[in-house]
Amino acid sequence: MTECAVRLASSSCTLSANLHISSTRFSLLRRSLPLTSASIIGSPLLSLGQIPIPSGNVYAINDALSVEGATDDYETCLKYLVKSKIVDISEATGFPKFDVMLLGMGPGGHVASLFPGHPLVHEKEKWVTFIKESPKPPPERITFTFPVINTSANIALVVAGAGKVDVVHKSLGDSESSNLLPVQIVSPEGELVWFLDKAAASYL
């Protein structure tokens, strides 16, 4: 069973970590947007730029390809990393197992690019998939599926802002509902930690 914890942080907090860089690798999935997009600037992911990760340890999506091509290319890359024993595979699920996955949450309760009511929420076979009719701009996105997300050893869920307070309250207080939001489906093999600012946590 997943352990869940909530951490309250100041609204101006930054993410940092003490990492053994030589043995740590990050996989980055992103929306089909140039890195200069205003939707990416300000993302918590950019705080990773403060950590001296060797460029050879960063595996990014090839944004020169179509969304379909980039999805296939990235899943092929992940399977190569698993075969090369760079990324672990879960004996329980058969999906790649990341030590830590950093997620955010949208105002409607979506995580990664898995939106409420969308068929991709129920994808069981693919490691990486894409959406071309996203309910939130941009319309084309690439994302891990829930089997990969939930195979993670640990997940850090970072949520900030008063616009997400209702979803935070529902997510942490209504886990028995039969109509779960995507964020409520997040369930890693190890620990799930919510990092909330005061605004997002104000109804708790």
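Reading guide: rules and limits
- Residues numbered from 1 in each chain as written.
- Predicted model: local features only at pLDDT ≥ 70, side-chain atom pairs only at ≥ 80, totals over all residues.
- Heavy atoms only, no water.
- Helix = DSSP H or I, 4+ residues; strand = E, 2+ residues; numbered from the N terminus.
- Expected span 1.5 Å × (residues − 1).
- Buried < 20%, exposed > 50% of the residue type's maximum accessible area, 1.4 Å probe, protein only.
- Arc of directions from axis to C-beta.
- pLDDT = per-residue confidence, 0-100.
- Core = buried A, V, L, I, M, F, W, Y, C linked by side-chain atoms within 4.5 Å.

Some points on helix 1 (residues 67-83)
Residues three or four positions apart in an α-helix share a direction because the helix packs 3.6 residues into each turn. For helix 1, which comprises 17 residues, the first-to-last C-alpha distance of 24 Å matches the rise-based estimate of 24 Å (1.5 Å per residue) to within 8%. What helix 1 keeps buried is the set Val67, Ala70, Thr71, Tyr74, Glu75, Leu78, Leu81 and Val82. Buried residues in helix 1, looked at end-on, bunch into an arc of 130 degrees, giving them a common side. Residues of helix 1 that are exposed and point over 90 degrees away from its buried face: Asp72, Thr76, Tyr80 and Lys83. Just past helix 1, the residue lysine 85 takes up positive phi, approximately 65 degrees.

Things to note about unusual backbone geometry
A cis amide bond, omega -5 degrees, links proline 137 with the succeeding residue proline 138. Of note, the phi angle at lysine 85 is positive, near 65 degrees, even though the residue is not glycine. Relative to the helices and strands, lysine 85 resides in the loop between helix 1 and strand 4 (88-89). A relative accessible area of 71% means that lysine 85 is categorised as exposed. The backbone phi angle of alanine 112 is positive, close to 50 degrees, even though this residue is not glycine.

Describing the confidence of the model for the chain
Confidence in the prediction for the chain averages 79 pLDDT; 72% of positions are at 70 or higher. Across the chain, element-level confidence peaks in helix 2 (residues 146-149) with a mean pLDDT of 96 and bottoms out in strand 2 (residues 26-28) with 42.

Observations concerning the nonpolar core
Across soluble globular proteins, nonpolar side chains have a tendency to be buried as a group. Ranked by internal contacts, the top residues of the largest apolar core, which has 40 residues, are Leu78, Met105, Phe144, Ile149, Leu157, Val159 and Trp194. Looking at this core, the elements with two or more residues in it are helix 1, strand 6 (100-104), strand 7 (128-131), strand 8 (141-144), helix 2, strand 9 (154-159), helix 3 (165-173) and strand 10 (191-197). Here this core gets 6 residues from one element, more than from any other, and that element is helix 1.

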